[in-house]
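Listed below are the residues making up each chain.
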Amino acid sequence: MMKQREVQGDDNVRWTCVQAFAGVEGKLSDKATKLSQQDGGNVEVVCTPSGGAQTVRLQLNEDWIEETSDQDLIQAINDNRTN
């Protein structure tokens, strides 16, 4: 099952964030997880906005879903947005 988080920024844009390859199951699951991990245990997270804003890709710690606060996630999105 794919894990995702939703957060809402100060601009009222709701973001749905999902770890890349999170929905892959079976034999490919471990391989996909290893492929998505970067140096230092970071993983790629894709955040898709409601409305017209552009999708944002983030590099976050592999335990981001449980350990990253909503405010820190919003800050990471804002820091990586191209307006």
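This text goes with the structure placed above it.
Being a predicted model, the structure only gives us computed values, none of them experimental. (Residues numbered from 1 in each chain as written. Predicted model: local features only at pLDDT ≥ 70, side-chain atom pairs only at ≥ 80, totals over all residues. Heavy atoms only, no water.)

(A) Seen up close, the overall build of the chain. On a plain count of helices and strands, the chain comes out with three helices and four strands. Considering the chain as a whole, with its 83 residues, one finds that 31% of them fall into the buried category. Taking contacts inside the chain between residues at least 6 apart in sequence as the whole, the part at least 24 apart equals 45%. Entry remark: accessible area of the chain is about 5600 Å², with carbon and sulfur atoms responsible for 43%. (Helix = DSSP H or I, 4+ residues; strand = E, 2+ residues; numbered from the N terminus. Buried < 20%, exposed > 50% of the residue type's maximum accessible area, 1.4 Å probe, protein only. Contact = heavy atoms within 4.5 Å. Areas by Shrake-Rupley, 256 points an atom, 1.4 Å probe, with all protein chains shown as cover.)

(B) View of the sheet that holds strand S2 (residues 14-19). Spatially, the four strands line up as an open sheet ordered S1-S2-S3-S4, and their pairing is antiparallel. Each end of this open sheet is capped by a strand with a single partner; those strands are strand S1 (4-8) and strand S4 (56-61). Mean inter-strand twist for the sheet, computed between neighbouring axes without regard to direction, equals 30°. Sheet topology places S2 next to strand S3 (residues 42-49); five bridges connect them, and they run antiparallel. By the bridge assignment for S3, Val18 is matched with Val46. Contacts from helix H3 (residues 70-80) reach S1, S2, S3 and S4 within the one sheet, and its direction differs from that of S4 by about 135°. (Pairing = 2+ DSSP bridges. Axes fitted to C-alpha atoms, helices over the stretch in contact; angles between N-to-C directions.)

(C) Expanded view of H3. Within H3, burial applies to Leu73, Ile74, Ala76 and Ile77. The buried residues of H3 occupy one face: seen down the axis, they fall within an arc of 160°. Looking at H3, the residues exposed on the side facing more than 90 degrees away from the buried face are Gln71 and Asp79. Where H3 is buried, its residues contact S1, S2, S3, S4 and helix H2 (64-67). (Arc of directions from axis to C-beta.)

(D) Summary view of the pattern of salt bridges. With the rule as written, the count across this model stands at four salt bridges. Linking Glu6 and Arg14 is a salt bridge whose minimum nitrogen-to-oxygen distance equals 3.8 Å. Overall, Glu6 belongs to the partly exposed group, its relative accessible area being 41%. By relative accessible area, Arg14 is classed as partly exposed at 36%. For Glu44, the salt bridge is made with Arg57, and the minimal N-O distance between the two is 2.1 Å. Of the two residues, Glu44 sits in strand S3 while Arg57 sits in strand S4, which places them 13 residues apart along the sequence. (Salt bridge = Lys/Arg side-chain N within 4 Å of Asp/Glu carboxyl O.)

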